[in-house]
Amino acid sequence: MALVSDGAFVADEWRRLADEESLPASGKVIVSQQRVAAALDDARLAAVGVYVANTTEPATLAPFFARLALIDIAFPAFTDGRGFSLARLLRRAGFAGELRASGRLTPDQYLHAIGSGFVSIEIPDELAQRHGEANWAKALRARSLSYQRGHAGGASILERRRKGVS
Amino acid sequence: MTAHDPTLPPRPNSAPIGYAYDEYDRAFVRERVAEFRGQVERRLAGALTEDEFRPFRLMNGLYLQLHAYMLRVAIPYGTLTSRQMRQLAHIADTWDKGYGHFTTRQNLQFNWPRLVDVPDILEALADVDMHAIQTSGNCIRNVTADHFAGVAADEIEDPRPTAEFLRQWSSAHAEFSFLPRKFKIAVTGAEHDRAAVKVHDIGLRVVKNAAGDIGYEVIVGGGLGRTPFIGKLLREFLPRAELLAYLEAILRVYNRFGRRDNKYKARIKILVHETGLDELRAQVEAEFAAMDRAPFAYDSEEFARVAAFFGTAPYDELPERSEAFEKAKADDAAFAAFAAVNVAPHRASGYAIVTVSLKPIGGIPGDATAAQMRALADAADAYGFGELRVSHEQNIILPHVRKDDLHALWRDLDAVGLATANAGLISDIISCPGLDYCALATARSIPIAQAISKRFADLERQRRIGQLGVKISGCINACGHHHVGAIGILGLEKKGVESYQVTLGGDPTLDASIGELIGPGVSAEEVPDVIENLVEFYLAERCEGERFIDTVRRLGHKRFKESARREGEDGSGI
Amino acid sequence: MAALRHPQIVIASDLAQGDVVVLGAAGWERDHLRAKIAYDGEAAAALKAAADAEVAANRVVDAYLVDVAIAADGAPTPLHFREQFRFAGPSVRPDLGKQAERREGDGR
Ligand code: HEM
Ligand code: SF4
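## Description of the pairing of strand S1 (residues 2-5) of chain A
All names here are of chain A. Both faces of S1 are covered, namely the face carrying Ala2 and Val4 and the face carrying Leu3 and Ser5. The pairing of S1 with strand S8 (residues 120-123) spans four bridges and is antiparallel. Pairing of Ala2 across the sheet is with Ile123, part of S8. Relative to strand S2 (residues 8-10), S1 runs antiparallel, the two being bridged by three bridges. Looking across to S2, one finds that Ser5 is bridged to Ala8. Connecting S1 to the next strand, S2, in antiparallel fashion are two residues, including Asp6 with a positive phi near 50°.

Below, the structure written as structure tokens:
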């Protein structure tokens, strides 16, 4: 797996645990939703994240927000945009940690991800190689303007227009 | 100071060309073109697979069809300047095969572009403030509006500022670009619905509440395709200031809960149907209530800025009656026929709305050559403030022509084969491209349109028949809106040959209804006979002042069905 | 050898140009008369495998096998009207597409 952050491939400090793997004695781990409470209570861990399906109800995660460092939303297909709405809802509900999209996303969706509140994107190595780091970097600058307000990322045209008037 | 400086008051003395891009709109479109150029390069170099590329090319209006790629250009709310029309002609000549196809969704399709040329075509479109953004794909499609917007006599408000406002909001929306399926929004500001708001994912009707405030009636979940639904009322009155927030709420509910397991069940109409209207409304209202409204706080100001571009034309003060027009009609019967059928009343005294039919008898519905596009641009400059409209009947509208100029305009149009006097008549057929171009088609549709048009070639007879909408689709996807044709025709494949189902009694307007099948499929050759039988039955049975659809409603399908199956003269069953 | 009910050829769209091509003995051809014809199941599978490799190599898209009839002069004609149109061009515009090129070309 490769991790994209700030338009570059970066080392992933997190370890994703399958449910049958036991919690390690240290480090940062991402666990399933059913284990998140237990992992958060494990004082040996440096940080805890959770991986969730894109159909998750945001309210089921809200109780953990303050202690959760990362939420990873799965994209079962790169064309399945539910994760973008879920990310928006998690941000609205107050989650301030790292939001990660994982799946076969392409650089062409980077701005959608950022705009919806994601910070990092985890993709299979083979995909990372084919699309190339340079294209992820470029994708981050593909559009400098957006027509919507209230999204992260590119400057809002509406705001610029308002400034232009005064 | 520029013409589109938002601080300027409405421009009563300039041409009502509609929304003019500012530097941000231009920069946005240019960036989008550059992004697509990069995507094409990556595709050709193999960095993007076809499965990955497809959604991105569709979001830029690029399909792969039977013979070639097809590029669908947006004509937002159907409004076009003469300069833009000339550029479309230039593109047709330079990169395509000298013509374009105007569609029922107020788009223009080029049928032969090469992938390698598409970025240059998009650049040429950007030169005249046009694009192909979101004319396809599972995103919010280009917003459509009443093609008589701004000039219709029955208008509460011009719907185009709303449509433009929505176009901007929906462009490259971070959250809503990977929806379960396409999402189409239509707006009407008039009593009489020419925008088919009840067969769109969201239909908006501009309405006034008791206090006299303007807002929207929100209709949701209409659509045609394989499971046609008439849209349902979601909100009776939505204040304008809440429009975008409310639409975000609807889209969010749809993006989260719309089905993704079956693409034929992925439209919002199915979500409405399966969830139930009341439950869906509760979900939307809950989302709306929970939303952070701050980002939408400036909507009203922005709306006012956009609306200012849609002032009225600098009309001359003219008497309602034009002596020149009356005399020309008296002297020239062909012109009089055109005036009776293709000319509609205008709000401004002494002006008229002219429909230029792209349905010459036996021609390809909606096709226009580059030369015809230029002639239309010239006509718009000479007689109509440089403005053109594309109607969802696949015709071109010149929205403000002095009655004094109608005869001269008609002669100019006639010179390029654009004076067919059949607007709204039986040969004014809406047809999708069907199997002559479309990769999804099960049968051809254009030749059927041509055959019907030839059968009823006599314009005098057409006028006697009166208003009658024939709509043809080449497959169940219903791009030709056959469900809502007074006569609808659906092309299918049956036992290895093309076969056609005929439906009756559809209506796209506010009295929306879906047509009913009149019997088993018939062959291509038989279609004109079936249509003729239906029409003859109507002529025999109609009461004074009844349109075809009225007679169908009064007598019921059954009687018509029987007439359609009447035996042919040679004794063969039809 | 598994017999085929009908001989088959492979048809696809050229990636860069978008026009219709058939798989011939020496690669993709614009003229369907140059298509390589499979008469049995193995040959058809080999044709399809070769075409899939070309799809993977990003030269063509949407490659698929088409049933054809072989005319007296050896010309393959698709059995289904859909592919017949793809080899001809729009039936309503005989001046466009392959049918027009063919007329201009070798007089066929
Ligand atoms: C030529 C290539 C075209 C393709 C591949 C295509 C594809 C489709 C598909 C798949 C649908 C059904 C979507 C669904 O129900 O989810 C559809 C619907 C529609 N198409 Fe097309 N179309 C094409 C051309 C056109 C043209 C030329 C027009 C206008 C004349 C058009 C107008 C429409 C309209 C109005 C609908 C809406 C029906 C509805 O509400 O479901 N399309 N199209
Ligand atoms: S109705 Fe079918 S044949 Fe016609 S354009 Fe739509 S998808 Fe193609």
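## Notes on the pairing of strand S2 (residues 69-74) of chain B
Residue and element names in this part refer to chain B. Burial analysis of S2 places six of its six residues in the buried class, which makes it a mostly covered element. What you see with S2 is no split at all: Tyr69, Leu71 and Val73 on one side and Met70, Arg72 and Ala74 on the other are buried throughout. In terms of strand pairing, strand S1 (residues 62-64) meets S2 through three bridges, oriented antiparallel. Paired with Leu62 across the bridge in S2 is Leu71.

## Details of the state of the cysteines
A full pass over the atoms with the stated rule returns zero disulfides over all chains. Of all cysteine sulfurs in the structure, the one in Cys479(B) sits closest to Cys139(B), which takes part in no disulfide; the separation is 15 Å.

## Some points on the interface of chain B and chain C
Opposite the 33 residues of chain B that make contact, chain C presents 23 residues. Taken together, the two surfaces of chain B and chain C that pack against each other cover about 2200 Å², and 59% of this comes from carbon and sulfur. When the buried surface of chain B facing chain C is broken down by residue, Leu64(B), Leu66(B) and His67(B) rank first, second and third, together holding 23% of it. If you look at where chain B meets chain C, you find zero salt bridges. Here chain B and chain C share 10 residue pairs in polar contact (both at pLDDT 80 or more) between them. Elements supplying a minimum of two residues to the side of chain B that touches chain C: helix H1 (23-45), helix H14 (446-455) and strand S19 (497-504) of chain B. Sorting elements by how many residues they give to the side of chain B that touches chain C places H14(B) first, with three residues. Of the residues in the side of chain B that touches chain C, the class split is 18 nonpolar, six polar and nine charged.

## As for the site of ligand 2
Around ligand 2, the structure places Cys432(B), Pro433(B), Gly434(B), Cys438(B), Leu440(B), Ala441(B), Ser473(B), Gly474(B), Cys475(B), Asn477(B), Ala478(B) and Cys479(B). Classifying every residue of the shell around ligand 2 gives eight nonpolar, four polar and no charged.

## Topic: the environment of Ala50(C)
On the secondary structure map, Ala50(C) appears in helix H1 (residues 41-56). For Ala50(C), a relative accessible area of 35% corresponds to the partly exposed category.

## Some details on the coordination of the iron atom of ligand 1
Of the protein atoms, Cys479(B) (SG) alone serves as a donor to the iron atom of ligand 1, at 2.1 Å. With respect to the secondary-structure elements, Cys479(B) resides in the loop between strand S17 (470-473) and strand S18 (487-494).

## Points about the sheet that holds strand S16 (residues 430-431) of chain B
Remark on secondary structure: sheet strands pair via backbone hydrogen bonds, oriented parallel or antiparallel. Residue and element names in this part refer to chain B. Reading across the sheet, the five strands line up as S16-S17-S18-S19-S20 and stay open at both edges, with mixed pairing between neighbours. The open sheet has two edge strands, S16 and strand S20 (516-517), and neither has a second partner. Along the sheet, H14 makes contact with S16, S17, S18 and S19, crossing S17 at roughly 155°.

Cut-offs applied
Residues numbered from 1 in each chain as written. Chains lettered and ligands numbered in written order. Predicted model: local features only at pLDDT ≥ 70, side-chain atom pairs only at ≥ 80, totals over all residues. Heavy atoms only, no water. Buried < 20%, exposed > 50% of the residue type's maximum accessible area, 1.4 Å probe, protein only. Helix = DSSP H or I, 4+ residues; strand = E, 2+ residues; numbered from the N terminus. Pairing = 2+ DSSP bridges. Disulfide = S-S within 2.5 Å. Contact = heavy atoms within 4.5 Å. Buried area = accessible area lost by both parts, 1.4 Å probe. Salt bridge = Lys/Arg side-chain N within 4 Å of Asp/Glu carboxyl O. Polar contact = N/O pair within 3.5 Å; in protein donor to acceptor, adjacent residues only side chain to side chain. Nonpolar A, V, L, I, M, F, W, Y, C, P; charged D, E, K, R; others polar. Near = heavy atom within 4 Å. Donors = N, O, S within 2.8 Å, 3.2 Å for Na, K, Ca; no water. Axes fitted to C-alpha atoms, helices over the stretch in contact; angles between N-to-C directions.

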